[in-house]
Amino acid sequence: APDLLTVGEALVSLRSAGPLAAGGPLTMHLAGAESNVAVAVARLGHRAAWVGRVGADEFGEYVLRQLRAEGVAVDGVTRDPDRPTGLMFLERRTADLTRVQYHRAGSAGSALGVDDLRAPLAAGARMLHLSGITPALSDTARAATRWAAEAAVAAGIPVCLDVNHRDRLWSRDTAREVLTPLAGYASTVVASADELDLVGDPGADESTVVADLLHRGVDTVLVKLGSDGARAHTREGVRRAEALTVTAVDAVGAGDAFTAGYLSGWFDGLDLAGRLRRAATLGAFAVSSPGDWEGLPRRVELSLLDGHEAG
Ligand code: KDG
């Protein structure tokens with residue numbers, strides 16, 4: 001069984017160097033929050049498996065090829081003969097402004113269903129990673145996400161829920177209705193500060209949401225604060241983690257890298273401080289290199305950012 005099992009939609013991302021309306025070359029990349037986490041964890045030497053649906057098209061072929069090249073197990077993936085692999089365009093509109101356009105409605109990935117997940121869950125894992133993107137894709141994907149969380153808990157597999165709100169896919173109110181119960185299955189919840197009320201009451205402050213999650217059985221709540229680092233809440237209290245001081249060139253994928261670093265530390269049996277440090281290190285690699293995941297470190301490279309500690 002793998003260390004990490006993650007479920008979601010992997011996409012082909014077509015990145016522009018300038019405004020899309022002005023044309024110009026696009027470059028092709030693998031994207032998807034969950035597959036980003038899988039790649040990050042695999043680069044650090046853990047066994048990672050990604051499950052989802054891709055089209056029986058060239059884009060699906062590309063997604064699988066990229067994941068295999070990164071050492072991510074894809075044997076549980078379903079090729080959908082009737083639906084295309086989802087696409088997204090990542091437009092670098094200005095140096096400071098990137099815009100995303102999805103072409104994923106009706107995609108293979110959004111047709112994810114419970115039957116796609118039975119065998120991978122039965123094979124087991126040390127941790128199941130789910131994101132709040134998957135239940136936003138379709139009714140069947142929502143049911144599958146919920147089923148996976150329940151099945152994992154029943155099998156004694158801890159669940160990490162990465163909130164990852166995507167406002168292009170659903171409203172905050174719908175997200176909250178779905179993600180708040182889902183968070184009750186998780187042992188680890190990861191959210192940015194502005195996503196916290198999607199796993200609690202609308203407008204609730206951090207301490208209220210966190211107290212409620214810990215009360216519902218969540219062990220660790222990680223609140224991402226971007227360049228200000230993160231806060232980790234457990235029943236023992238709150239611990240602050242600083243971000244590393246690096247030059248930010250591309251924030252896309254940084255949250256996925258942070259989560260992957262945390263999980264890698266967990267697989268290695270590190271204490272909370274060590275897990276947070278690895279999370280911060282991976283986040284720093286992601287923001288200071290172009291691409292969602294291309295710049296992530298292999299294990300021997302983890303120490304390259306030593307000396308970049310803030311303050
Ligand atoms: O976390 C980075 C993701 O935003 C990107 O890879 C695409 O999964 C994606 C999404 O749904 O936005």
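Preceding this section is the structure that the text describes.
Reading the values: rules and limits
Residues numbered from 1 in each chain as written. Predicted model: local features only at pLDDT ≥ 70, side-chain atom pairs only at ≥ 80, totals over all residues. Heavy atoms only, no water. Near = heavy atom within 4 Å. Polar contact = N/O pair within 3.5 Å; in protein donor to acceptor, adjacent residues only side chain to side chain. Nonpolar A, V, L, I, M, F, W, Y, C, P; charged D, E, K, R; others polar. Helix = DSSP H or I, 4+ residues; strand = E, 2+ residues; numbered from the N terminus. Expected span 1.5 Å × (residues − 1). Buried < 20%, exposed > 50% of the residue type's maximum accessible area, 1.4 Å probe, protein only. Contact = heavy atoms within 4.5 Å. Salt bridge = Lys/Arg side-chain N within 4 Å of Asp/Glu carboxyl O. Axes fitted to C-alpha atoms, helices over the stretch in contact; angles between N-to-C directions. Left-handed = near helix turned anticlockwise from the far one by under 90°. Pairing = 2+ DSSP bridges. Core = buried A, V, L, I, M, F, W, Y, C linked by side-chain atoms within 4.5 Å.

Colleague: Mind laying out the site of the ligand, listing which residues take part and the relevant values?
Modeller: Close to the ligand lie Ala31, Gly32, Ala33, Asn36, Met88, Tyr102, Arg104, Ile133, Arg166, Asp256 and Asp292, which account for all nearby residues. Asp292 places a polar side-chain atom, nitrogen or oxygen, 2.5 Å from an oxygen atom of the ligand. Among the residues forming the shell around the ligand, the class breakdown is five nonpolar, two polar and four charged.

Colleague: Now, about helix 5 (residues 172-183): what can you tell me, with residues and values included?
Modeller: The first and last C-alpha atoms of helix 5 sit 15 Å apart over 12 residues, in line with the 16 Å expected at 1.5 Å per residue. Regarding helix 5, the residues found buried are Ala175, Arg176, Val178, Leu179, Thr180, Leu182 and Ala183.

Colleague: For unusual backbone geometry, give the residues involved together with the corresponding values.
Modeller: Of note, Asn164 is a non-glycine position whose phi angle comes to about 45°, a positive value. Relative to the helices and strands, Asn164 is located in the loop between strand 10 (159-162) and helix 5. When its relative accessible area of 6% is taken as the criterion, Asn164 is described as buried.

Colleague: With reference to specific residues and values, describe the environment of Thr220.
Modeller: Along the chain, Thr220 falls in strand 12 (residues 220-224). The buried category is assigned to Thr220, whose relative accessible area is 6%. Separated by 12 residues in the primary sequence, Thr220 and Ala232 have C-alpha atoms spaced 6.7 Å apart. Apart from the residues within four sequence positions on either side, Thr220 is in contact with Ser187, Thr188, Val189, His233, Thr234, Tyr262 and Leu272.

Colleague: Now, about the pattern of salt bridges: what can you tell me, with residues and values included?
Modeller: A full pass over the atoms with the stated rule returns 24 salt bridges. One salt bridge in this structure joins Arg43 and Glu70, with 2.8 Å as the shortest N-O distance. One end of the pair, Arg43, is in helix 1 (residues 33-43); the other, Glu70, is in the loop between helix 2 (58-69) and strand 6 (78-80), with 27 residues separating them in the sequence. Under the relative-accessibility criterion, Arg43 is labelled buried at 16%. When the shortest N-O distance is used, the salt bridge between Asp115 and Arg118 registers 2.9 Å. Here Arg118 and Asp115 lie together in helix 3 (residues 114-123), a separation of three residues that amounts to about one turn.

Colleague: So what's going on with the packing of helix 7 (residues 254-267) against helix 8 (residues 272-287)? Which residues, and what values?
Modeller: Their axes nearest at 7 Å, the elements helix 7 and helix 8 cross at an angle of 150°. Note that helix 7 runs across helix 8; the crossing there is right-handed. For the pair helix 7 and helix 8, the contacting residues are Ala254, Ala257, Phe258, Ala260, Gly261, Tyr262, Ser264, Gly265 and Trp266 in the first and Leu272, Arg275, Leu276, Arg278, Ala279, Ala280, Leu282, Gly283, Ala286 and Val287 in the second. A breakdown of the residues in the contact of helix 7 with helix 8 according to their chemical character gives 13 nonpolar, four polar and two charged.

Colleague: Which residues make up the sheet that holds strand 11 (residues 188-192), and what are the values?
Modeller: Taken in spatial order, the eight strands make up an open sheet running 4-1-9-10-11-12-13-14, and their pairing is mixed. The open sheet has two free edges, formed respectively by strand 4 (48-51) and strand 14 (237-241), since each of these has just one partner strand. Geometrically, the sheet is characterised by an average inter-axis angle of 20° between neighbouring strands, direction not taken into account. Relative to strand 9 (residues 127-131), helix 4 (residues 139-154) is tilted by about 160°, and along the sheet it contacts strand 9 and strand 10.

Colleague: Describe the sheet that holds strand 3 (residues 26-31), naming the residues involved and giving the relevant values.
Modeller: Read from one edge to the other, the open sheet built from four strands follows the order 3-2-7-8, with strand pairing classed as mixed. What marks the edges here is a single partner per strand, and that holds for strand 3 and strand 8 (97-103). Taking the axes of each pair of neighbouring strands and ignoring which way they run, one obtains an average angle of 25° across the sheet. Taken together, the seven bridges between strand 7 (residues 87-94) and strand 8 define a ladder with antiparallel strand orientation. If you follow Met88 over to strand 8, its bridge partner there is Tyr102. Helix 2 contacts strand 2 (11-16), strand 3 and strand 7 of the sheet and is inclined by roughly 60° relative to strand 3.

Colleague: Explain the nonpolar core residue by residue, including any values.
Modeller: If you look at the biggest cluster of nonpolar residues, it comprises 47 residues, and the most contacted ones within it are Leu4, Trp50, Leu67 and Leu263. Elements that contribute at least two residues to this core include exactly strand 2, helix 1, strand 4, helix 2, strand 7, strand 13 (230-234), helix 7 and helix 8. Among all residues touching Leu263, those that are not within four sequence positions of it are Leu4, Val37, Met127, His129 and Cys160. By size, the runner-up hydrophobic cluster in this structure holds 44 residues, among which are Ala144, Ile157, Ala175 and Val223.

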